[in-house]
Amino acid sequence: MVHRRARRDRDLCVVGVRTLWRTVGDGEFFCPECGGDRNYRRRTGRRRIVVLGLPVLPRGPVAPIVECAACGSRYGTEVLDHPTTTRFSGMLRDAVHTVALAVLAAGGTEATAVRQVAVGAVRAAGFADCSEEQLLALIEALAADTGRLPGACGERDGLDPCGTALAIELHEALEPLAPHLAPTGREAILLQGARIAVADGPYRPAERAVLETVGRALMICPDDTARLLAATRAAF
């Protein structure tokens, strides 16, 4: 009763300004207030002068908003730049998978320890059914396709494993993810690649070059990349 009376008093305000909203789209996003994935309404609005509760004169548009369908919180449209939880998990999984393949492509797959560490990293990232056979098949396919991840056999085939195509592949997988990771998260991805590389001994030049590319794509400064690589090597 009190709520209804208060709303009626507001509607009967003699003169005021009200924003009239119109829904122009919807979808799924990560709601900061809810702390999870929710449906949203994308809305545009126009301000109008209100006399006795009736909109009369337009006062111009307002910035579009994103409104959570669950809690009603409103945000600027930049909130849609943040990936949903589902999307983020997929990006992280693909990033680890790409780094593992890149390191294997640069350093080779002959050593059992290298294959085992790579499989463990990929499984932990979310590909639970990953096997050595699957990784080897992918490496063979990538080696046959000189446009993607060249150098599966290193420089012995006359291919630069840290060439332009490889750098592009890593940047495409890692750069969209990096802004959404804490520094420790970015370092963790680099360290996973480093552990694969040193599983069979010191870094090969091609492996180090790949890991330096990973560091750049993850926005890790060169000094920190060198420090992390040295610490990983020392631990083995």
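Everything numeric here is computed off the predicted structure, so don't read it as measured data.

A. Seen up close, helix α8 (residues 222-235). Taking 1.5 Å as the rise per residue, α8 with 14 residues should run 20 Å; its terminal C-alpha atoms sit 20 Å apart, in good agreement. Taken residue by residue, α8 has Thr 225, Leu 228, Leu 229 and Thr 232 as its buried positions. Along the axis of α8, the buried positions cluster into a sector of 100 degrees, meaning they face one direction only. Away from the buried face of α8 by more than 90 degrees, exposed residues Asp 223 and Ala 234 are located. Those residues of α8 that are buried are in contact with α6 (183-198) and α7 (205-217).

B. Focus on the environment of Ala 194. Note that Ala 194 resides in helix α6. Spatially, the C-alpha atom of Ala 194 lies 8.2 Å from that of Val 103, the residues being 91 residues apart in sequence. Those residues in contact with Ala 194 that lie beyond four places of it in its chain are Tyr 203, Leu 211, Leu 229 and Thr 232.

C. Representation of the packing of helix α2 (residues 85-107) against helix α3 (residues 112-125). Where α2 contacts α3, the two axes come as close as 8 Å, and the packing angle between them is 170 degrees. Classified by the angle their axes make, α2 and α3 are roughly antiparallel. Residues Arg 93, Val 96, His 97, Ala 100 and Leu 104 of α2 form the contact with α3, whose participating residues are Val 114, Ala 118, Ala 121, Val 122 and Ala 125. When the residues that make up the contact of α2 with α3 are grouped by side-chain class, the tally is eight nonpolar, one polar and one charged.

D. Representation of the pairing of strand β2 (residues 36-51). Pairing of strand β1 (residues 15-31) with β2 involves 16 bridges; the strand directions are antiparallel. Among the inter-strand pairings, Val 15 is bridged to a residue of β2, identified as Val 51. Hairpin connection between β1 and β2: a loop of four residues separates the two successive antiparallel strands, and Gly 35 in this loop has a positive phi of roughly 80 degrees.

E. Local environment of the packing of aromatic side chains. In the structure shown here, the tally under the stated rule is two aromatic pairs. An aromatic cluster of three or more residues is present, and its members are Phe 29, Tyr 40 and Tyr 75. Geometry around Phe 127 places Arg 93 over its ring, the cationic atom sitting 5.2 Å from the centre.

F. How the structure looks around α3. A rise of 1.5 Å per residue sets the reference length of α3, with its 14 residues, at 20 Å; its end C-alpha atoms lie 20 Å apart and thus fit the reference within 8%. Phi turns positive one or two residues past the end of α3, at Gly 126, with a value near 135 degrees.

G. Focus on the pattern of salt bridges. Under the definition given, this model contains seven salt bridges. A salt bridge links Glu 132 to Arg 115; the shortest N-O distance between them is 2.9 Å. Taken together, the positions of Glu 132 in helix α4 (residues 132-144) and Arg 115 in helix α3 put the pair 17 residues apart, joining distant regions of the chain. The class of Glu 132 is partly exposed, set by a relative accessible area of 23%. A network of salt bridges, in which partner residues are shared, links Arg 41, Arg 43, Glu 67 and Arg 74.

H. Just the packing of α2 against α7, in detail. Between α2 and α7, whose axes approach to 8 Å, the crossing angle comes to 155 degrees. It follows from the interaxial angle that α2 and α7 lie roughly antiparallel. At the point where α2 passes α7, the crossing takes the right-handed sense. Mapping the contact onto sequence places Val 99, Ala 102, Val 103, Ala 106 and Gly 107 in α2 and Ala 206, Glu 207, Val 210, Leu 211 and Val 214 in α7.

What counts, and where the lines are drawn
Residues numbered from 1 in each chain as written. Predicted model: local features only at pLDDT ≥ 70, side-chain atom pairs only at ≥ 80, totals over all residues. Heavy atoms only, no water. Helix = DSSP H or I, 4+ residues; strand = E, 2+ residues; numbered from the N terminus. Expected span 1.5 Å × (residues − 1). Buried < 20%, exposed > 50% of the residue type's maximum accessible area, 1.4 Å probe, protein only. Arc of directions from axis to C-beta. Contact = heavy atoms within 4.5 Å. Axes fitted to C-alpha atoms, helices over the stretch in contact; angles between N-to-C directions. Parallel < 35°, antiparallel > 145°, perpendicular 65-115°, else oblique. Nonpolar A, V, L, I, M, F, W, Y, C, P; charged D, E, K, R; others polar. Pairing = 2+ DSSP bridges. Phe/Tyr/Trp six-rings, centres within 6.5 Å; stacked < 30°, edge-to-face > 60°. Lys NZ or Arg CZ within 6 Å of the ring centre and 35° of its normal. Salt bridge = Lys/Arg side-chain N within 4 Å of Asp/Glu carboxyl O. Left-handed = near helix turned anticlockwise from the far one by under 90°.

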